[in-house]
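Summary of the model geometry
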Amino acid sequence: MQPLTGLTVVEVSSFVAAPLCGVTLNQLGAQVIRVDPIGGASDVKRWPLTADGTSIYWTGLNKGKRSATIDVRSAKGQELVQRLVTDGDGIVVTNAVLPWLSHDALAASRSDVIHVQLLGRGDGSTGVDYTVNAAIGYPLVTGPANHAGPINHVLPAWDVCCGLYAALAVVSAVHQRERSGAGARITLALEDVALATAGNLGLLTEPQVIGTQRERLGNAIYGQYGQDFTSSDGARFMVVILTPRHFRDMVEVTGTGSAVAALAGALGVDFGVEGDRYRYRDVLSGLFATWFADRTAEQVTAALSRTTVLFERYRTFAEVVEDPKVTDNPLFSRLHQPGVGEYLAAGLPAAFDGVHPTSEAAPALGRDTADILTEKLGLTAADIARLAETKTIA
């Protein structure tokens, strides 16, 4: 029994945020029914694709769900989707703005409906991760310090955060309904997620309060010491120093004690203080870099592993999947995905009593349509045949 076992959620979605909400709820035990238009939504063939055209992206974000394909442009198809919500547990998550799937339309049939609407921007206008990111400032503080233009992130951070916020919203609304009997109309805008995050982390507060704004630092870390270094055989390491103990160990292992002490005396600073380490990060990095350049990656790893210094070697995704952090990690379990093959798939990062909840393979598009309509709405085989004949379902 998982925390959300017995709960059914209808998901009408595409791309990242809403599907991630659904797969998260499924890993917590909910049955998630993804509804797509016939032929699939616009993400059904999103790259990367296997040799036979199966989307690794789509299957990854739809693990464990049930799939129904319905003509949502037809009145009959819209009625079927509405009934799946209102005749079921009354919960829908969607990033599609559709009048017939709105909170008001559903609440007319079921007053305690929980409706989670994902938007691009709070005013209802469109926005995606990369356009939202461009608008809030991050690309102009990302990348090398001497770079003049914006640099986009590769991680769709706001999509991911938005999907997890949406899952939290569903769980919170279910809890509220159990106590009060009231449903919920929840809107969650991608841009608001990004703005809230930038605000919570101080990037929007800084220019308001002290009149400065974040500078571009390359691989350094704002406000504390962090820098990347290269070993003699070309491996790159990220090193982070958060505490005076970390710094003392870094100085000791690199044999730079005399030079660091002389530097501190000449500058009149205390490198036991985080701000001073950050302020003079470039000169400190110059001292430490020689030690890395004189040692192989294996030697660097062995030496730093005997200290409290926080470090890690930069790795490719291909290297990571062969590392014990994946192959021997209980977070991952073997999954056979039709059209993709067998691979190590991640479960829920949170472990309940030491166990990471997992998901089954993603369904083939539309695989469960007839079964869902039979189980949830009580349709007969003749009803299903008529719907298929009129191309209301596939």
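Residues numbered from 1 in each chain as written. Predicted model: local features only at pLDDT ≥ 70, side-chain atom pairs only at ≥ 80, totals over all residues. Heavy atoms only, no water.

This paragraph deals with the packing of helix H3 (residues 75-86) against helix H16 (residues 369-377). The contact between H3 and H16 brings their axes to 10 Å, and the two run at 55°. As summarised for this structure, H3 and H16 are arranged oblique, according to the angle between their axes. Here the hand of the crossing between H3 and H16 comes out left-handed. Across the interface between the two elements, Leu80, Arg83 and Leu84 from H3 touch Ile372, Leu373, Lys376 and Leu377 from H16. Residues belonging to the contact of H3 with H16 are distributed by class as follows: 5 nonpolar, no polar and 2 charged. (Axes fitted to C-alpha atoms, helices over the stretch in contact; angles between N-to-C directions. Helix = DSSP H or I, 4+ residues; strand = E, 2+ residues; numbered from the N terminus. Parallel < 35°, antiparallel > 145°, perpendicular 65-115°, else oblique. Left-handed = near helix turned anticlockwise from the far one by under 90°. Contact = heavy atoms within 4.5 Å. Nonpolar A, V, L, I, M, F, W, Y, C, P; charged D, E, K, R; others polar.)

Right, let's talk about the sheet that holds strand S1 (residues 8-12) for a bit. Where strands meet in a sheet, backbone hydrogen bonds hold them as pairs that are either parallel or antiparallel. With parallel pairing, 6 strands are arranged side by side in an open sheet as S3-S2-S1-S4-S5-S6. Looking at strand neighbours, the two that pair on one side only are strand S3 (66-69) and strand S6 (184-189), the edges of this open sheet. Averaged over neighbouring strand pairs, the angle between their axes works out to 20° when direction is ignored. Direction of pairing for strand S4 (residues 91-94) relative to strand S5 (residues 114-119): parallel, over a ladder of 4 bridges. Paired with Val92 across the bridge in S5 is His115. Against the sheet, H3 makes contact with S1, strand S2 (31-36) and S4, and its axis sits at roughly 150° relative to S1, the strand it touches most. Across the face of the sheet, helix H7 (residues 190-200) comes into contact with S5 and S6 while running at roughly 70° to S6. (Pairing = 2+ DSSP bridges.)

What follows is about the sheet that holds strand S9 (residues 310-313). On the basis of which strands lie adjacent, the open sheet formed by 3 strands has the order S7-S8-S9 and antiparallel pairing. Across the chains shown, the open sheet's two edge strands, defined by having one partner strand only, are strand S7 (225-230) and S9. On average, each strand axis in the sheet is tilted by 15° relative to the strand beside it, whichever way the strands run. Taken together, the 6 bridges between S7 and strand S8 (residues 236-241) define a ladder with antiparallel strand orientation. Considered in S8, the bridge of Thr230 is made with Arg236. Contacts from helix H9 (residues 244-254) reach S7, S8 and S9, with the element oriented near 135° to S8.

With that out of the way, let us pick up the layout of surface pockets. Considered as a void within the structure, the largest pocket measures approximately 1400 Å³ in volume. Taken together, 32 residues make up the lining of the largest pocket; nearest its centre are Gly60, Leu61, Lys63, Phe332 and Ala346. Counting only elements with at least two residues in the lining of the largest pocket, the list comes to helix H1 (17-27), helix H2 (56-61), helix H6 (157-180), helix H14 (317-320) and strand S11 (341-346). No other element matches the 5 residues that H2 contributes to the lining of the largest pocket. Tallied by class, residues from the lining of the largest pocket come to 26 nonpolar, 5 polar and 1 charged. Approximately 530 Å³ is the volume attributed to the second largest pocket. What lines the second largest pocket is a set of 25 residues, among which Asn95, Gly127, Val128, Asp159 and Leu190 lie closest to the centre. Mapped onto the lining of the second largest pocket, the elements with two or more residues apiece are H1, S5, helix H5 (129-136) and H6. Of the residues in the lining of the second largest pocket, the class split is 15 nonpolar, 7 polar and 3 charged. (1 Å grid on protein atoms, 1.4 Å probe; cavity = no way out; pocket = protein on both sides within 12 Å on 5 of 7 lines; lining within 4 Å. Points joined across faces, edges and corners; volume = space filled by probe spheres on them.)

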